[in-house]
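Summary of the model geometry
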There are 2 protein chains.
Amino acid sequence: MKKANAISGFPEWLPEQRLIELQILDRIRAKFELFGFTPIETRAVEPLAQLLSKGETDKEIYALRRLQAAGEDEEAEFGLHFDLTIPLARYVLQNQGYLNFPLKRYQIQKVWRGERPQEGRYREFYQADIDVIAANELPLHFDAEMPWLLHEVLQSLPIPPVRILINNRKVLEGFYRGLGIEDAQATLRTVDKLDKVGEKGVLAMLIDGVKLERTAAQKCLEIARIRESDSSFADKVEALGVRNELLDEGLHELTFVMDSLQSLPKGSVVSDLHIARGLDYYTGTVYEGCLEGHESLGAVCSGGRYDDLASSDGKNKLPGVGVSIGVTRILGYLFGKDLLHASRKTPSCVLVALPSEAKRAEANAVARMLRGRGICCEVFHLPQKYGKQIRYAERLGIPYVWFPEGQESNAHEVRDIRSGEQTPADAQTWAPPEEDLTVKADFGELSGKGILGRGIEV
Amino acid sequence: MKKANAISGFPEWLPEQRLIELQILDRIRAKFELFGFTPIETRAVEPLAQLLSKGETDKEIYALRRLQAAGEDEEAEFGLHFDLTIPLARYVLQNQGYLNFPLKRYQIQKVWRGERPQEGRYREFYQADIDVIAANELPLHFDAEMPWLLHEVLQSLPIPPVRILINNRKVLEGFYRGLGIEDAQATLRTVDKLDKVGEKGVLAMLIDGVKLERTAAQKCLEIARIRESDSSFADKVEALGVRNELLDEGLHELTFVMDSLQSLPKGSVVSDLHIARGLDYYTGTVYEGCLEGHESLGAVCSGGRYDDLASSDGKNKLPGVGVSIGVTRILGYLFGKDLLHASRKTPSCVLVALPSEAKRAEANAVARMLRGRGICCEVFHLPQKYGKQIRYAERLGIPYVWFPEGQESNAHEVRDIRSGEQTPADAQTWAPPEEDLTVKADFGELSGKGILGRGIEV
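Note that the structure is predicted; figures quoted are calculated from it, not measured.

**Here's the deal with the relation of the copies chain A and chain B**
Between the two copies, chain A and chain B, the superposition gives an RMSD of 0.1 Å; the rotation angle is 180° and the shift along the axis is 0.0 Å. Such a combination of rotation and displacement between the chain copies is what one expects of a two-fold axis. Ranked by how close their C-alpha atoms come to the rotation axis, the residues of chain A are headed by L64 of chain A, at 2.4 Å.

Okay, structure coming up:
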């Protein structure tokens, strides 16, 4: 095998980073389950036609080709899914008779984007999604439950605090219609570029591209400036003097959602009327979250309500609302800035030393006893000098080394290699302190040997 | 969105089945970690050249194509990985300087095979792998640790017992050479077909295809019949009267491995000299495991030692040994036979009923308190009649319904909907019995009212 290199956009972590990633995925999953969401996992592929059907032309897709397919009957062509929402909608339609509604499901999987290799662009990454899909009617309460859950999940992770911005498509579309704008979609997509090109840029695009009057375009910018941590945004919108039925509906919905979230810490959830979310399928509430103090990274979670995505005939509606956490995006950023650290490079809490080949059975017996009580451990593979075995433990960050023969024969001892303290021990009863039992992931600057910032224990 | 169908070979499960799958994956992972294996995850793709480099022409591969790549500079072509061993070897070579050896890693991921759609053939499936990769020398102890670990993992799962068959390539190759056979590889590949075409078929292929003398071909069948649960196989091989140095080496290694495993339950590990494993890269010990009583399913786990896979220059050797558990293969089979059942269809242990809109805040507060103590629960979404809410819980198999107002006002009560027993309860202290806290996965025939309907087959 030839030495190979990384592939741009396909991130891979070292074991100590993967340990952190797994802890974070576990934590997310545990919270999703606490809220009663049930898991599904969909296949990696969908028929290309399905992936392209929602007008998602801005999504770049990897199509698959069987190397050995030559001359055989052609199947429909497949592509790798680029999100977990389209596959969910397909799955729900396909299995409708076997599912219970409202379906509260979570799904944590990789997705792929067939993009040009480019600095900072992921082509393979993890998303952690929750969605609620209802048969016919989806109560607005679920629109409020999403940011609540999102807040609970994210504040339990070893990452910076996340601020969740909320808007409602109906507010923007209704407002645009009230202004007499015909192409609300194009206006929405243009306003969505505010973070990228700024107010001046968007103004120019609205006037030159979407062909709005200057006053209408300016109003579009004014509403986009509204940003409140409670429902007072509604008065500000009304003060702009635009009247429209859809706008009223949107304001009512957004007010309900914001009012429902007032028990969350101030500032963790903000109504922000410039949030549009580019994807076509959202029809009401939309969400977007950023790491506070790291806004340049862009959205690390997002989502919204889609009333029309999962419907086979237009009559039988299956409206949904959901959010997605960009796990790889967060991790790649924090790893890149060296802000996330694992307390060791292996699950092993104990290295059982091997004094001699003759002692191997005894060393194995110690390991078996420790494992029986949930303590991760391994036996050193060769009867080398203790110094070498201890250095192996040091390199991996394994905190304890077990000696299956002590200074007195047949006595066992265990050493905390951080302090050097060595004490007699019995494998049937000894246990490490709780904080050493599992690998810990910490967020914060490294200072000397210690770690500043927040830590989690999973 | 149009109603879509299953795609042959890309299995998907219902939520209650996914809950079982997750539990099984969790348990496998926990055991791997107890043995001190550290996780990695590799990208889904490898350069096509890498995937094809080991002469793996029997592996069918999905190649990827960027839909929007037209006219751009072409990158090297990628394919989806078909196993986790080739990616591991590549990862180790690539990150050698950052890893500690012997590297004991586990990896639980999906793999893909670009096969023709065919009944019972998976094109996307989970593998759970452990491997040890050493710098330079890999002690034989690891060859014995693999089946030990495999046994520990598999006997902890809700599946039939697994019998692990062990052989050593050197035994077969040495034996063939001792018989004067020139093309040992072709002989090995032919003998590997014993389970498929039987002794007569293999004999014919050895004589007509590999061009062996009849007596040599018969000897190849004789050694393949040897099957012992201890190291007595060695005498039987010697009784066949073939002498060869590589054969002796193989017998020594296999004897060591079998002797090391004598503390495992009798019959759980068997030396079986017809096991060859088709893959080219194995160089010594080989493993294969079947579900007892379900042998027709074929191997559900397999692996072996490969001394030459991960080496960039032929000098710096990175020998490895590992095994792989075919998780999807096992699950698909047991789901198909309706032998695996989940105790409910959601993680929720409690449904908090919603008596009226006015009580929503109180219902949410109950849910928050239960969650704070690790009890998965959800609040019913609408203030419908209690009968309707209870039926929702019944359909999902949620064992408890919480009423945030009891018969006396402001009193809370909880009902076990299986027994109908309803008692006053305080959300700050109430907890379900341990066995109701999480979803249980059971293996066995269903008796009485089971909750699993059918499996979604593929």
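Now that the structure has been shown, we can carry on.
**Re the interface of chain A and chain B**
Taken residue by residue, the interface counts 74 residues in chain A and 76 residues in chain B. Partitioned by chemical class, the residues of the side of chain A that touches chain B number 35 nonpolar, 17 polar and 22 charged. One ladder, built from five bridges, connects strand β3 (residues 62–66) of chain A with strand β3 (residues 62–66) of chain B; its direction is antiparallel. Of the residues in β3 of chain B, the one forming a bridge with R66 of chain A is Y62 of chain B.

**A closer look at unusual backbone geometry**
Trans is the prevailing form of peptide bonds, just as negative phi is the prevailing case for residues other than glycine. All names here are of chain A. Across the junction of F101 and P102, the peptide omega takes the value -5°, indicating a cis bond. Along the chain, P102 turns up in the loop between α3 (85–95) and β5 (103–112). For N136, which is not a glycine, the phi torsion comes out positive at approximately 75°. The topology assignment puts N136 in the loop between β6 (124–133) and α4 (141–154). The exposure class of N136 is exposed, given the 10 C-beta atoms found within 10 Å.

**Quick look at the packing of helix α6 (residues 184–191) of chain B against helix α7 (residues 194–208) of chain B**
Helices that pack against each other are described as a pair by the angle of their axes relative to one another and the distance between those axes. Residue and element names in this part refer to chain B. Two elements in contact, α6 and α7, have axes whose closest approach is 8 Å; the angle formed by their N-to-C orientations is 140°. Regarding the angle of α6 to α7, the classification is oblique. Packed against α6, whose contacting residues are T187, T190 and V191, the element α7 presents L194, V202, M205 and L206 at the interface. Grouping the constituent residues of the contact of α6 with α7 by class yields five nonpolar, two polar and no charged.

Criteria and cut-off values
Per chain, the residues get numbers from 1 upward, laid out in the order the sequence is written. By the order in which they are written, chains take letters starting at A while ligands take numbers starting at 1. Totals for whole chains, interfaces and linings use all residues, but because this is a predicted model, local features are given only for residues with pLDDT of at least 70 and pairs of side-chain atoms are given and counted only at 80 or more. Superposition of the copies used a least-squares fit over C-alpha atoms from residues whose pLDDT is at least 70 in both. Contact between residues is assigned whenever the C-beta positions, reconstructed from backbone atoms, fall within 7 Å. Amino acids are sorted into nonpolar (Ala, Val, Leu, Ile, Met, Phe, Trp, Tyr, Cys and Pro), charged (Asp, Glu, Lys and Arg) and polar (every other residue, Gly among them). Strands are labelled as partners when DSSP assigns at least two bridges between them. Each helix is a run of H or I in the DSSP string that is no shorter than four residues. Each strand is a run of E no shorter than two, and both are numbered from the N terminus. Counting other C-beta atoms within 10 Å of a residue's C-beta gives its exposure: the residue is buried at 20 or more, exposed at 12 or fewer, and partly exposed in between, where C-beta atoms are placed from the backbone. Inter-axis angles, ranging from 0 to 180 degrees, are taken between N-to-C directions of lines fitted to C-alpha atoms, where helices are fitted over the stretch in contact. Here roughly perpendicular refers to angles of 65 to 115 degrees, roughly parallel to angles under 35, roughly antiparallel to angles over 145, and oblique to all remaining angles.

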